[in-house]
Amino acid sequence: MAYEELSNFIIENVGGKDNVKSVVHCATRLRFKLKDEQKANDERLKQNDGVITVVKSGGQYQVVIGNHVPDVYNTLVKIGGFGSSAPVEDDFVDEQNMSLLDRFIDLISGIFQPILGPLCAAGMIKGFTAMLAAFGWIQTTSGTYQVLYAIGDGFFYFLPIILAITSAKKFKVEIFTAVAIGAAMTYPTIIAMSSDSKVLYTLFKGTFIESNIHSTFFGIPIIAINYSSTVIPIIAAIWFASKIEKWSKQVIPTVVKTFLVPFTTLLITIPVTFLVIGPLSSWIGDLLAAGTQGIYSLSPILAGLVMGAFWQVFVMFGVHWGFVAVALANIGAQGFDTLLSLTLAASFAQTGVVLAIFFQAKDPKLKSLAFPAFISGIFGVTEPAIYGITLPRKRPFVLSCIAASLGGGLIGFFGTKLFMAAGLGIFSIPGAIAPKNGMNMTVYGLMIAMLVSFILGFVLQMILGKKSVLESEAHVTAQNVTTTADEARQVATQKVLSQQEQGYAKPTKLLSPLTGTTHELATIEDAVFSSGAMGQGIAIEPTEGVVSAPADATIALVFPTGHAIGLNTTDGTEILIHIGMDTVQLDGKGFETLVKQGQKVKASEPLVKFDIETIKKAGYSVITPIVVTNSKNYHAVTALKSGNVITGDTLLELD
């Protein structure tokens, strides 16, 4: 039910079902493509407790949910009809409203995001296998090693086939046609051609693209390249195939399109890929690798400081996908990457700051957000920490970037490389283990950098960031006071029974609605009640979780969360009973409302049940004000009981 309510709320505030062109999800976000983003209500979405924040990037309207986004997504597509009845198109691009950079980000994220989970999983298995071999726990000649290594390496070896599928979705190519192209590029005979000892002649001799020719295609030299694990060639090949397939559909008769379109596409695309696209793409990949390695070589420490400092900003705006693509290209071209490795301490800097906020926070709601964000951050998922905790408070986010910068500098100092795309957070460590060298100082240096970033983030927040936490809590408290005042004003405006137009109301008495201990209203913490601004009355700290009617009355107002109820008695008294302090934040958890607005009740009839332990465990006080909101209609409101009271005792006298 909670997911249904949240899904309906999100659909309504992204502009309704008709405004949604498609919706997908990643690890923490719902990624909408809307017809008109102006119809979405950003602020209302952000105010919902089930939404961490809203981000607009890469032509996508992203609603950040957190780790339970798959459950929300499954419910949302059913409610919205975005599934089989209205298929989701991952490749939609609103080019009129997107910059060239946005289009590039959308392309790269669309190709790599769907494979990120298994890509990381395969990298982790490959890394752990290398680690087991480095420690001598398994032999590289054993069947155990061979099976484990195949599990990890198989995904990377046949990466062109996997990328062919995701690229086909982006470029609108028939998926199995694209798979055939990837399969041809990783065909054993083609792979073996690159290492053939027979050389016919050499092209571009003396240049960086010097290539030995082992075979020809109708006399045209084939530049043999090992396409296993490569990234750029297959993406370029599928883009070219999309043009050929589109042209084929236009010229081939409908009656034979089913087989002649893929026939034509394959027969043209694959040879052109081997003769032109593949070599050009591979050389571009080599240049990218050389370029990034050149920047890194100028000053690994400086490169680490910069990448570490800005990585979380890149993630926020989605531009990190560009670096992911370059890193995978580097691994394919030279067997390792030095660029992405510089960012691996950033998540630990963020988690260090969040852990400090957990200890600094007094607000139970902030604590309840901080600890899960800390746990997910350890495993590399930092969106809940960024959007839900550090970024809204500004200074903690800046402090995390400073700690991440130092961590990146240390990684550059130790010369850490990524030899495979492993997992995130602590699971990225196996990716830094060299297949041949095993565990060495570059790996230990990565661990040191992660630990230093974590500790520095924690210390900086404890010393320099506490003020931002206290200020944010003060702001929330002020909002709660305003909310309580609004609640009281709503009750005061409910006039179900006719009141005297002038003069004082007739004297009456009210029974205790609770069993517990009485307190003077002036002694409670909430300024709205203790000041008497909402009216005179008394407070009770309950020992039993039932609120009963203090007199014969009509229910004037029932709050949806169950934490407060308003009544108008038959004698003309207007009463507000507010169960606990700031308990509106519980959103109904622990409360059961037994009556509805407009219902007539008798004195001592149960109105609301509430769980005292649930409220206390959430960090809220259960002390309950009973306020006569039309106190001005009486000469005096006098407490007749002090200390212990039970439900039904005569509690207040109104003269």
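Structural data are supplied above this passage.
These numbers were taken from a predicted model, which means no experiment stands behind them.

Trainee: Which residues make up the sheet that holds strand β5 (residues 201-203), and what values do they have?
Mentor: Read from one edge to the other, the open sheet built from three strands follows the order β5-β6-β7, with strand pairing classed as antiparallel. Since the sheet does not close on itself, it has two edges, and those belong to β5 and β7 (220-223), each with one partner. Shown here is a sheet whose adjacent strand axes are inclined to one another by a mean of 60 degrees, direction ignored. Note: β5 against strand β6 (residues 211-217), three bridges, orientation antiparallel. Looking across to β6, one finds that Leu203 is bridged to Ser211.

Trainee: Break down the packing of aromatic side chains for me, citing the residues and quoting the values.
Mentor: On inspection of all chains with the given rule, the structure shows twelve aromatic pairs. Summarising the aromatic geometry, the rings of Tyr145 and Tyr149 are spaced 5.5 Å apart at their centres and angled 15 degrees between planes, so their arrangement reads as stacked. Of this pair, Tyr145 and Tyr149 are both found in helix α6 (residues 143-157), four residues apart, which corresponds to roughly one turn of the helix. Between Phe358 and Phe359 the ring centres are 5.5 Å apart and the planes differ by 70 degrees, which places this aromatic pair in the edge-to-face class. Under the relative-accessibility criterion, Phe359 is labelled exposed at 52%. Each member of the aromatic cluster is reached from another via a ring pair, and the members are Phe358, Phe359, Phe371, Phe374, Phe454 and Phe458. Over the aromatic face of Phe358 sits the side chain of Lys367, whose NZ or CZ is 4.6 Å from the ring centroid. When the ring centre of Phe336 is taken as reference, the NZ or CZ atom of Lys417 above it lies at 5.4 Å.

Trainee: Mind laying out the pattern of salt bridges, listing which residues take part and the relevant values?
Mentor: Here the structure, examined in full by the defined rule, presents five salt bridges. Here Arg44 and Glu12 are joined by a salt bridge, their closest N and O atoms 3.6 Å apart. One end of the pair, Arg44, is in helix α2 (residues 42-47); the other, Glu12, is in helix α1 (residues 2-13), and 32 residues separate them in sequence. Linking Lys641 and Asp649 is a salt bridge whose minimum nitrogen-to-oxygen distance equals 3.8 Å.

Each value, and the rule that gives it
- Residues numbered from 1 in each chain as written.
- Predicted model: local features only at pLDDT ≥ 70, side-chain atom pairs only at ≥ 80, totals over all residues.
- Heavy atoms only, no water.
- Pairing = 2+ DSSP bridges.
- Helix = DSSP H or I, 4+ residues; strand = E, 2+ residues; numbered from the N terminus.
- Axes fitted to C-alpha atoms, helices over the stretch in contact; angles between N-to-C directions.
- Phe/Tyr/Trp six-rings, centres within 6.5 Å; stacked < 30°, edge-to-face > 60°.
- Buried < 20%, exposed > 50% of the residue type's maximum accessible area, 1.4 Å probe, protein only.
- Lys NZ or Arg CZ within 6 Å of the ring centre and 35° of its normal.
- Salt bridge = Lys/Arg side-chain N within 4 Å of Asp/Glu carboxyl O.

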